[in-house]
Amino acid sequence: MYIIHLAIRIASLFQEKVATLRKGQKATFSILDEKIEEGAAYIWFHAASLKDFEQGRPLLEEIRKRYPEYKILQTFFSPSGHEVYKDYDGADIVCYLPVDTPRNARRFVEKVKPAMAFFIKTEFWKNYIEVLYKQGIPIYNVSSIFRENQIFFRPYARSYAKVLSYFTHIFVQNAPSKELLNAHGITQVTVAGNTRFDRVLDVCRTVQPRPLIEAFRDKEFTFISGSSWEADERLYLPHLNEMPEVKLIIAPRIIDEENLSRITAQVKGKVVRYSQATEENVRDAKCLLIDSYGLLPSLYRYADLAYIGGGFGEGVHNIAEAAVYGIPVLFGPNHARFKEAVELIACGGGFSIHIEEDFDFIFHRLHDSPEALAHAGHQAGTYVATHAGAVQRIMKIVFPT
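Thresholds, definitions, all that
- Residue indices begin from 1 for each chain and proceed along its sequence in written order.
- With pLDDT at 70 or above as the cut-off, local features in this predicted model cover only qualifying residues; side-chain atom pairs require 80 or more to be listed or tallied, and sums for whole chains, interfaces and linings still use all residues.
- Side-chain figures throughout are based on the complete set of non-hydrogen atoms in the structure, without hydrogens or water.
- When the centres of two rings from Phe, Tyr and Trp lie within 6.5 Å, Trp using its six-membered ring, the rings pair. Their planes under 30 degrees apart give stacked, over 60 give edge-to-face, and anything left gives tilted.
- Three exposure classes are used, based on accessible area relative to the maximum for each residue type with a 1.4 Å probe and protein chains only: buried under 20%, partly exposed in between, and exposed over 50%.
- Note on conventions: DSSP H or I runs of at least 4 residues are helices, E runs of at least 2 residues are strands, and numbering of each starts at the N terminus.
- Charge-over-ring placement is defined geometrically: NZ (Lys) or CZ (Arg) within 6 Å of the ring centre, and within 35 degrees of the ring normal.
- Here the rule is simple: two strands pair whenever DSSP picks up at least two bridges between them.
- We call a crossover right-handed when, viewed with the strands running away from us, the connection from the first strand over the helix to the second turns clockwise.

A. Up close: the packing of aromatic side chains. Overall, the coordinates contain 30 aromatic pairs when judged by the stated rule. For the ring pair Tyr-85 and Tyr-88, a centre distance of 5.7 Å and an interplane angle of 85° mean the geometry is edge-to-face. One exposure class covers both Tyr-85 and Tyr-88, and it is buried. Taking the centre distance of 5.8 Å and the plane angle of 85° together, the rings of Phe-124 and Phe-167 count as edge-to-face. Note that Phe-124 is positioned in the loop between strand S4 (116-120) and helix H6 (126-134) and Phe-167 in the loop between helix H7 (158-161) and strand S6 (169-172), a separation of 43 residues in sequence. Taking the relative accessible area as the measure of exposure, Phe-124 reaches 7% and is therefore buried. A relative accessible area of 3% means that Phe-167 is categorised as buried. Taken together, the ring pairs in this structure connect Trp-44, Phe-108, Phe-119, Phe-124, Tyr-128, Phe-146, Phe-152, Phe-153, Tyr-160 and Phe-167 into an aromatic cluster. We note Arg-107 situated over the ring of Phe-29; from NZ or CZ to the ring centre the distance is 3.9 Å. Note that Lys-247 overlies the ring of Phe-216, its terminal NZ or CZ placed 4.9 Å from the centroid.

Written out as structure tokens, the structure reads:
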């Protein structure tokens, strides 16, 4: 942890994102001093990033709705979450989590004195969790997936693996995760499912119309690429550039001038950035380029077909955000670790793309056949709807009365 802390200090001199993280971490204790209310009971939620926050958000909001006597503290490690949700009104305090040193952990927990703590997915900060455990504070892990090759289950990491025994309860996404934990003596485990499905259903039910997107689409076949990387764009742009009748929405994973300019140069046709769009100038545009964060989950409703990026890197991003709207979902080959991707392929609502020829074949199969498009979309939407309910399963254990 001290090495990580030093690395952050050095990297902050050269990288704006890391500089934002360091500045935010330095401000945390001042924020807590200012905003913690004496005598109030806080529930602490921690998520590393924007994606993990969205995973835990439906549980946070359900607790806030049913138990308003609690205050909510939301912490982030990555600027991708904090900078988007620093003014989130669902929490009473939003701040960065300082690096997991013993001193920071003791100081943080002493200031907050949380009534309970929730760590979303793979957030296993040993010192924070150990301090909470020693003080008798209930600790929960939500929506994790465990695999045999993870550090917890390697002989050299037994001391670190002890952190799993400190959790009051671990809510996993699937039965193999529970079986693996049980085999290593961790028995306080429940298969609750994926809270992401609850979140995307909430968004789908409450999303507001966007007249600008409707003007852009103008009843044409619309293809959306969410969390797009360069490797993804190399796959679909050559084909869609030759189809002027297809509208294209691209929401890049990286939003900076260099990347936005690169994408613009590769699109054949008029490109309009969302921040500069009007209902007039988007009507004759080929591509709407999303240059801000937080919009993507509400944009999928306007698409006929979605492509989710990341599948040529560390792994595909949030597939359920698109599938919930009943549209087929395409993604790259690195999806084996993602349960929803594997199951969407099995039910016919998702399709894995390895090379350009795969994209060409599957795109035209769906684009040219309204029946095939409708069937795949129905399978995708049904899959999400039938896998919701994780939040209520968690609530019954955390708040049994």
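B. Focus on the pairing of strand S2 (residues 71-76). Counted residue by residue, S2 has five buried out of six residues, so it is predominantly covered. Relative to S2, strand S1 (residues 42-47) is paired through six bridges, and the arrangement is parallel. Bridge pairing in S2 links Ile-43 to Ile-72. As paired elements, S2 and strand S3 (residues 93-96) share four bridges and run parallel to each other. Each bridged residue has a counterpart across the sheet, and for Phe-76 the counterpart in S3 is Tyr-96. In this region the chain leaves S2, passes through helix H4 (residues 79-85) and returns to the parallel neighbour S3; the handedness of that crossover is right-handed.

Honestly, that's just the spatial picture; any functional story needs more than this.
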